[in-house]
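# Commentary on secondary and tertiary structure
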Amino acid sequence: DTEVTQTPKHLVMGMTNKKSLKCEQHMGHRAMYWYKQKAKKPPELMFVYSYEKLSINESVPSRFSPECPNSSLLNLHLHALQPEDSALYLCASSQVKERSSYEQYFGPGTRLTVT
Amino acid sequence: GNSVTQMEGPVTLSEEAFLTINCTYTATGYPSLFWYVQYPGEGLQLLLKATKADDKGSNKGFEATYRKETTSFHLEKGSVQVSDSAVYFCALRGARGTGFQKLVFGTGTRLLVSP
């Protein structure tokens, strides 16, 4: 099973709202990722968690706050977003073992619209 | 730094035509190489991978060979179907010590197959 699930599928929020995106995987992967994808563009890396610890933050604004409660779950807390933050948010996971190719498996994404 | 260059799209083909999507890369050492496919409104799906020189990745009739001498990983399929219409991303994962936790994506190539 190579499934990564994400909820919700769609989200509309105002600029003063607080919301969260959720991601789950049961492949035993110990690295999890958040990406942002704008229309007709490749995904842009936002955060990487390795063994439940934040290992990479690609200078993402603080209105995005990631959380990794356990090895299967990844959250992205959203607060005071701007309309330009509207995008498809993708979660991914991968192995971190030596001698693996570390391929990442992506979820279906959450389509976020900020009004 | 690591980078991936993909041919511009869209690529427009008739059903049963031969497909080539060019991908070249710049990286230190021996990166891992991937092709991902994204269907409209969905997340990315791993199509195939190669982890060392001369490896051939294959899946669902698609193939790509890791060519170290030409730093290329071109995607091919002998006979495309309408259902292959999607955006294809070439991606690279650097060797350890050169950004191995990050996927570097090409800009994506849209494929349109008509009946």
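What comes next is a walk through the structure. (Residues numbered from 1 in each chain as written. Chains lettered and ligands numbered in written order. Predicted model: local features only at pLDDT ≥ 70, side-chain atom pairs only at ≥ 80, totals over all residues. Heavy atoms only, no water.)

### What about the overall build of chain A?
Assigned secondary structure in chain A consists of zero helices and 11 strands. Each helix and strand of chain A, placed in order from N terminus to C terminus, yields the pattern β-β-β-β-β-β-β-β-β-β-β. Taking 13 Å as the expected radius of gyration for a compact globule of 115 residues, we find that chain A reaches 14 Å, a close match to that expectation. A principal-axis box enclosing the C-alpha atoms of chain A has dimensions of 45 × 25 × 20 Å. A burial count over chain A gives 50% of its 115 residues as buried. As displayed, chain A has an accessible area near 5700 Å², and 50% of this comes from carbon and sulfur atoms. (Helix = DSSP H or I, 4+ residues; strand = E, 2+ residues; numbered from the N terminus. Rg over C-alpha atoms; globule rule 2.2 N^0.38 Å. Buried < 20%, exposed > 50% of the residue type's maximum accessible area, 1.4 Å probe, protein only. Areas by Shrake-Rupley, 256 points an atom, 1.4 Å probe, with all protein chains shown as cover.)

### A few points about the state of the cysteines
Residues and elements named next belong to chain A. Within this structure, the stated rule accounts for two disulfides over all chains. The disulfide partner of cysteine 23 is cysteine 91, and the S-S distance across this bridge is 1.9 Å. Across the disulfide from cysteine 23 to cysteine 91, rotation about the S-S bond amounts to roughly -70 degrees, and the bridge is consequently left-handed. Linking cysteine 23 in strand 3 (residues 18-25) with cysteine 91 in strand 9 (residues 87-94), this pair joins segments that are 68 residues apart in sequence. (Disulfide = S-S within 2.5 Å.)

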